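As a plain string of letters, each chain reads:
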Amino acid sequence: MKAKEFYNVAIYLRLSRDDLSTAGGRDIGSIDAGSRKAESNSIRSQRDMIRSYIRSQDNMEIYDIYVDDGFSGANFDRPEFKRMMQDIEAGNVDCVIVKDLSRLGRDYIEAGRLIQKTFPAFSVRFIALTDHFDSLTADYHETSLVVPVKNFVNDSYSRDISGKVRSHQQAKREKGDFIGAFAVYGYRKSDKNKNLLVPDDYAAGIVRKIFAWKIDGYSSFAIAQLLDGMGILSPMEYKKMNGEKYHTGFVTGVKTKWSAVAVKRILTNEAYIGTLVQGKDEKVNYKVKKSVRKPEEEWTKVKEAHEAIISKEDFEIVQDLLKVDTRAGRGEKKSHIYAGLLFCGDCMEPMTRRVNRYKGTETVSFICSTKNRGGGCSGHKIPEEDLNRLVLNGLKQQVSLFLDKSKVLEAIGQMEIHFEEVAAFDKEIERLYSEQDKYLTLRAGLYEDLKKGIITEEDFKNFREIYEKRYQELQQAVRSQEEMIKRLFQSGVSAGMNLERMKTAMQVTELDRTTLITFVKRILVYEDKRVYLEMRFKELFSKVIMLADYIDADKQHGKGGKPALPAGADGKNL
């Protein structure tokens, strides 16, 4: 390259967050005021060094300064770098000066292409001050060997930093630290700890309304209309109002409104019960910004990471409702009281609500939807009035039984009863252990079958894997049953059930959807008008009844008494 009489110089400055975090020992993922100052100091240092050099040259003048502050060197998708290249292509710049080769970029292939091909093609001189490289005076050895090696080292550094960032972020996720840029709607970052979410009183109130409306029978679309009608800002608009620079791909107009999708996103977010779910996406690699969605089993979930806005009971109820069709009837804003709960006891299809009007009178009944479509099932017809009476009476009986038994547990703290004794008495745990023994026996017999030639080696491997998987599943089921008993011992019935709601239900004289859906998971109607209530928290019902009976037996007969578990503890035939 021949020397020119005069050069229009582009000063290129870059600093990434990775460089800052590594140099300063700060937490990656959170930049405070001190960090921003450190960034400014580094950029200023680069600028001052290059300006000092230019002042010492007689044939150089600054055309422009290009600053990519906070951009990774792993790729060249940087706004100011792109602007500089446009000026080079337009012939406005014929010399580029950087502090060192890593400021240009850490991708050794692309950096090498720029230095050895692109810049020479536009007759652009390139200078890296602290690496003592000047393309005007560099010989073949420097251009073909030294620069590629340094670029390769810079690329390796970028790869190493990327790995450290990922490991650091994963450690914070597993610890339950929030590392996202923006808090989920309903929360804000704590003033004292930016890695902790705390409820945003206003938005949390809106979230509670959304869940209450869903339980009351409103569809996601109807809830969105209600929110817009009340003038409540959508999550995006609320963030903007609070001064957050939030961007999303869901913008549909100048002012973003509530949508059914936004409502459903809130209704399915475990953050509202205190569970922090992070690590859903990951970058393809350190050179590409594109991210891909990871399988759900690889997400990082930490329970009780922050204060819950919604109770686990209500969250589970809503998840069940979202699985079934609860659309409102024509002209109605919310669905009927039994929507999503009422099923045919034989074909298990939802029951269809029918309204018959004759001479000014109106009668409502429910029939099997399979029969209604002309299918093979029978009608299972039941008048709404009869259904209301049966369900209300059955619900009160179940709640009354539970409340009566739960009183016995209030004295559990004063009694010399141990968890191990009750766990050994538990019929469900006993059944699960029996199942485990069965699969252990089956697995043990596989080797003999293989030796005798009854099964092939491939069958041996397949069956062993199946039996092992089933054994592990049963082991987890035993742990879940034991955990429930432990919670009852440690925290009482209130650990799994809101007793105040149950006491309120006992005073109800007419069914309402909130009461119904709080305690009943499913209602089955049979052809003989027999109605079966499948209660929510049926395992908790069973455990409380079992414990109460165990305590009664312990008082009357001394330790070791093992009364039978009452029939119907998980539901109610009416």
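Please read all numbers here as calculations on a predicted model, not as lab measurements.

### Observations regarding the overall build of the protein chain
- Per the secondary structure count, the protein chain includes 19 helices and 18 strands.
- Counting only carbon and sulfur atoms, one obtains 49% of the accessible surface of the protein chain, whose full area is about 31300 Å².

### A word on the pattern of salt bridges
- For the structure shown, the criterion picks out 23 salt bridges.
- One salt bridge in this structure joins R83 and D64, with 2.9 Å as the shortest N-O distance. Within this pair, whereas R83 is found in helix α3 (residues 79-89), its partner D64 is found in strand β2 (residues 60-69), the two being separated by 19 residues in sequence.
- Since its relative accessible area comes to 27%, R83 is described here as partly exposed.
- In this structure, R470 and E473 form a salt bridge, with 3.3 Å as the shortest nitrogen-oxygen distance.

### Looking at unusual backbone geometry
- In this structure, S123 is a non-glycine residue whose phi angle is positive, near 55°.
- Looking at the secondary structure, you find S123 in the loop between α5 (108-121) and β4 (125-128).
- According to the relative accessible area criterion, S123 is partly exposed, its value standing at 38%.
- For M348, which is not glycine, the phi dihedral falls at a positive 65°.
- Tracing the sequence through the fold places M348 in the loop between β12 (342-344) and β13 (351-358).

### Regarding the nonpolar core
- In terms of nonpolar packing, the biggest core is built from 63 residues, with Y185, W258 and Y338 touching the most fellow members.
- No other element matches the eight residues that helix α7 (residues 201-215) contributes to this core.
- Leave out the neighbours within four places in its chain, and W258 touches Y185, I206, I210, A224, L227, D228, I232, L233, S234, P235, V263 and I266.
- The next biggest cluster of nonpolar side chains, apart from the first, holds 22 residues, and it includes Y12, M84, L104 and A128.

### Comments concerning the side chain of D200
- Locating D200 in the fold gives a position in the loop between β7 (197-199) and α7.
- Buried charged residue D200 carries no salt bridge. Nearest counter-charge: R188, at 5.9 Å.
- Sequence-distant contacts of D200, that is, excluding residues within four places in its chain, are made with G186, Y187, R188 and Y238.

### Quick word on the packing of aromatic side chains
- This structure, assessed with the given rule, holds 13 aromatic pairs.
- Within the aromatic cluster, the residues linked to one another by ring pairs are Y185, Y202, Y238 and W258.
- Sitting over the face of the ring of Y7, R125 holds its NZ or CZ atom 5.0 Å from the ring centroid.
- Of note, K280 hangs over the ring of W299, and the distance from its end group to the ring centre comes to 5.0 Å.

### Some words on the pairing of strand β14 (residues 361-368)
- Looking at chain direction, β13 and β14 are connected through eight bridges and run antiparallel. By the bridge assignment for β14, M351 is matched with C368.
- Once β13 ends, the chain turns through two residues before running back antiparallel as β14, passing K359 with a positive phi of about 50°.
- Of the strand pairs in this sheet, β14 and strand β15 (residues 382-383) are connected by two bridges, and their pairing is antiparallel. In the strand pairing of β15, F366 is matched with I382.

### Description of the packing of α7 against helix α8 (residues 220-229)
- As a packed pair, α7 and α8 sit with axes 10 Å apart at the nearest point and diverge in direction by 140°. Here α8 runs oblique to α7, going by the angle between their axes. Judged by the sense of rotation from one axis to the other, the crossing of α7 with α8 is right-handed. The segment α7 lies against α8, with I206, I210, W213 and K214 engaging S220, I223, L226 and L227.

### Here's the deal with the environment of Y202
- Position of Y202 among the secondary structure elements: in helix α7.
- Residue Y202 is classed as partly exposed on the basis of its relative accessible area, which comes to 43%.
- With 15 residues separating them along the chain, Y202 and Y187 place their C-alpha atoms 9.4 Å apart.
- Leaving out residues up to four positions away in the same chain, Y202 has contacts with I232 and Y238.

### Notes on the sheet that holds β15
- Strands sit in the order β13-β14-β15 across an open sheet of three strands; the sheet is antiparallel. The open sheet has two edge strands with one neighbour each: β13 and β15.

### So, the confidence of the model for the protein chain
- On average, residues of the protein chain score 78 in pLDDT, and 71% of them reach the 70 mark or higher.
- Mean pLDDT values over the elements of the protein chain span from 48, in helix α1 (residues 17-24), up to 95, in strand β3 (residues 95-98).
- In the predicted structure, residues 249-253 sits below a pLDDT of 50 and forms three contacts with residues beyond four places in sequence or in another chain.
- Taken as a whole, residues 559-570 scores under 50 in pLDDT and shows 26 contacts with residues more than four places along the chain or in a different chain.

### Quick word on the sheet that holds β4
- What the five strands build is an open sheet, ordered β2-β1-β3-β4-β5; its pairing is mixed. The open sheet has two edge strands, β2 and β5 (133-134), and neither has a second partner.
- Pairing analysis gives three bridges linking strand β1 (residues 7-15) to β3, with the strands arranged parallel. In the strand pairing of β3, V9 is matched with C95.
- Most of the contacts of α3 go to β2, to which it runs at about 150°, and overall it touches β1, β2 and β3.

### A short note on α8
- Buried within α8 we find S220, A222, I223, A224 and L227.
- Where the residues of α8 are buried, they touch α7 and α10 (260-267).

### Digging into the side chain of D134
- Relative to the helices and strands, D134 resides in strand β5.
- A distance of 3.0 Å separates a polar atom in the side chain of D134 from the backbone nitrogen of L136.
- Those residues in contact with D134 that lie beyond four places of it in its chain are Y53, R125, F126 and I127.

### Points about the packing of α7 against α10
- Closest axis-to-axis distance for the α7/α10 pair is 10 Å, and the angle between their directions is 95°. One element, α7, and the other, α10, form an angle in the roughly perpendicular class. Where α7 abuts α10, its residues V207, I210, F211 and K214 lie against V263, I266 and L267.
- Its residues assigned to classes, the contact of α7 with α10 shows six nonpolar, no polar and one charged.

What counts as what
Residues numbered from 1 in each chain as written. Predicted model: local features only at pLDDT ≥ 70, side-chain atom pairs only at ≥ 80, totals over all residues. Heavy atoms only, no water. Helix = DSSP H or I, 4+ residues; strand = E, 2+ residues; numbered from the N terminus. Areas by Shrake-Rupley, 256 points an atom, 1.4 Å probe, with all protein chains shown as cover. Salt bridge = Lys/Arg side-chain N within 4 Å of Asp/Glu carboxyl O. Buried < 20%, exposed > 50% of the residue type's maximum accessible area, 1.4 Å probe, protein only. Core = buried A, V, L, I, M, F, W, Y, C linked by side-chain atoms within 4.5 Å. Contact = heavy atoms within 4.5 Å. Lys, Arg positive; Asp, Glu negative; His and termini not counted. Phe/Tyr/Trp six-rings, centres within 6.5 Å; stacked < 30°, edge-to-face > 60°. Lys NZ or Arg CZ within 6 Å of the ring centre and 35° of its normal. Pairing = 2+ DSSP bridges. Axes fitted to C-alpha atoms, helices over the stretch in contact; angles between N-to-C directions. Parallel < 35°, antiparallel > 145°, perpendicular 65-115°, else oblique. Left-handed = near helix turned anticlockwise from the far one by under 90°. pLDDT = per-residue confidence, 0-100. Polar contact = N/O pair within 3.5 Å; in protein donor to acceptor, adjacent residues only side chain to side chain. Nonpolar A, V, L, I, M, F, W, Y, C, P; charged D, E, K, R; others polar.

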